[in-house]
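Take a look at the letters that make up each chain.
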Amino acid sequence: MLTVVRRGTANDRNWEGDYETPTESTHQIGPCDMKWLTDTEDNSTGELLQRLAQITAPLGSDVLATDGIRVPGITEDFVIDGAVRMTPNPFTGWATGVRFRIAKDGGSGIRQR
């Protein structure tokens, strides 16, 4: 089970457009299939640990591209890298669920958008 973290959708914004007091709501989705794509170090611009995983969640899961994802056993949140999409079988039209990638960079784990 993964935890979806949704922040600040109902609050006022300041003059910079940022949420002033972001609230956080969470809910769980799953069971999910998680495939780790990378867990390597890229030292082209210094030491940077990059973690990427592809997630397949059950059809109808409440996930938005702006959400964060908490993986059990890992302290920092992941961000969704790209779109959340349903990928139906081209022959039958049947879909196994929704797919998206999660990403995390460096020690802080926050990927800059």
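Structure first, text after, so check above.
Bear in mind the structure is a predicted one, so any value in this text is a computation, not a measurement. (Residues numbered from 1 in each chain as written. Predicted model: local features only at pLDDT ≥ 70, side-chain atom pairs only at ≥ 80, totals over all residues. Heavy atoms only, no water.)

Scanning the chain for helices and strands turns up 0 helices and 8 strands. Along the chain direction, N to C, the helices and strands of the chain fall in the order β-β-β-β-β-β-β-β. Of the roughly 7,400 Å² of accessible surface on the chain, 50% is carried by carbon and sulfur atoms. (Helix = DSSP H or I, 4+ residues; strand = E, 2+ residues; numbered from the N terminus. Areas by Shrake-Rupley, 256 points an atom, 1.4 Å probe, with all protein chains shown as cover.)

Quick look at the nonpolar core now. Counting residues in hydrophobic clusters, the biggest one holds 14 residues, and the most contacted among them are L2, I29, V63, I69, V71, F100 and I102. Of all the secondary-structure elements, those providing two or more residues to this core are β1 (2-7), β4 (49-58), β6 (78-80) and β8 (95-105). Dropping the residues within four chain positions of it, I29 is found in contact with M1, L2, V4, A57, S61, D62, V63 and F100. (Core = buried A, V, L, I, M, F, W, Y, C linked by side-chain atoms within 4.5 Å. Buried < 20%, exposed > 50% of the residue type's maximum accessible area, 1.4 Å probe, protein only. Contact = heavy atoms within 4.5 Å.)

Our next topic: the pairing of strand β7 (residues 85-88). Relative to β8, β7 is paired through 3 bridges, and the arrangement is antiparallel. Paired with M86 across the strands is V98, a residue of β8. The turn joining β7 and β8, which pair antiparallel and follow one another in sequence, is formed by 6 residues; a positive phi near 85° is taken by G93. (Pairing = 2+ DSSP bridges.)

For the rest of this paragraph, the subject is the environment of T38. Summarising the element assignment, T38 is placed in strand β3 (residues 33-41). Along the chain, T38 and Q50 lie 12 residues apart, while their C-alpha atoms are 6.9 Å from each other. Once residues within four sequence positions are removed from consideration, T38 is found in contact with Q50, R51 and L52.

A word on the packing of aromatic side chains. All told, the structure shown has 1 aromatic pair when counted by the stated rule. Taking 6.0 Å as the distance between ring centres and 50° as the angle between the ring planes, the aromatic pair formed by W36 and F78 counts as tilted. Within this pair, whereas W36 is found in strand β3, its partner F78 is found in strand β6, the two being separated by 42 residues in sequence. (Phe/Tyr/Trp six-rings, centres within 6.5 Å; stacked < 30°, edge-to-face > 60°.)

Our next topic: the pattern of salt bridges. Taken as a whole, this structure holds 5 salt bridges when the rule is applied. A salt bridge links D67 to R6, with the nearest nitrogen and oxygen atoms 2.8 Å apart. With D67 in the loop between β4 and β5 (68-70) and R6 in strand β1, this residue pair connects regions lying 61 residues apart in the sequence. Residue R6 is classed as buried on the basis of its relative accessible area of 16%. Across the pair D77 and R70 runs a salt bridge whose closest N-O atoms are separated by 2.9 Å. Via salt bridges that share partners, R6, D62 and D67 belong to a single interconnected network. (Salt bridge = Lys/Arg side-chain N within 4 Å of Asp/Glu carboxyl O.)

Our next topic: the environment of V71. Relative to the helices and strands, V71 is located in the loop between β5 and β6. For the pair V71 and T3, spaced 68 residues apart in the sequence, the C-alpha separation amounts to 6.9 Å. Once residues lying within four places of it in the same chain are set aside, the contact partners of V71 are L2, M34, F78 and I102.

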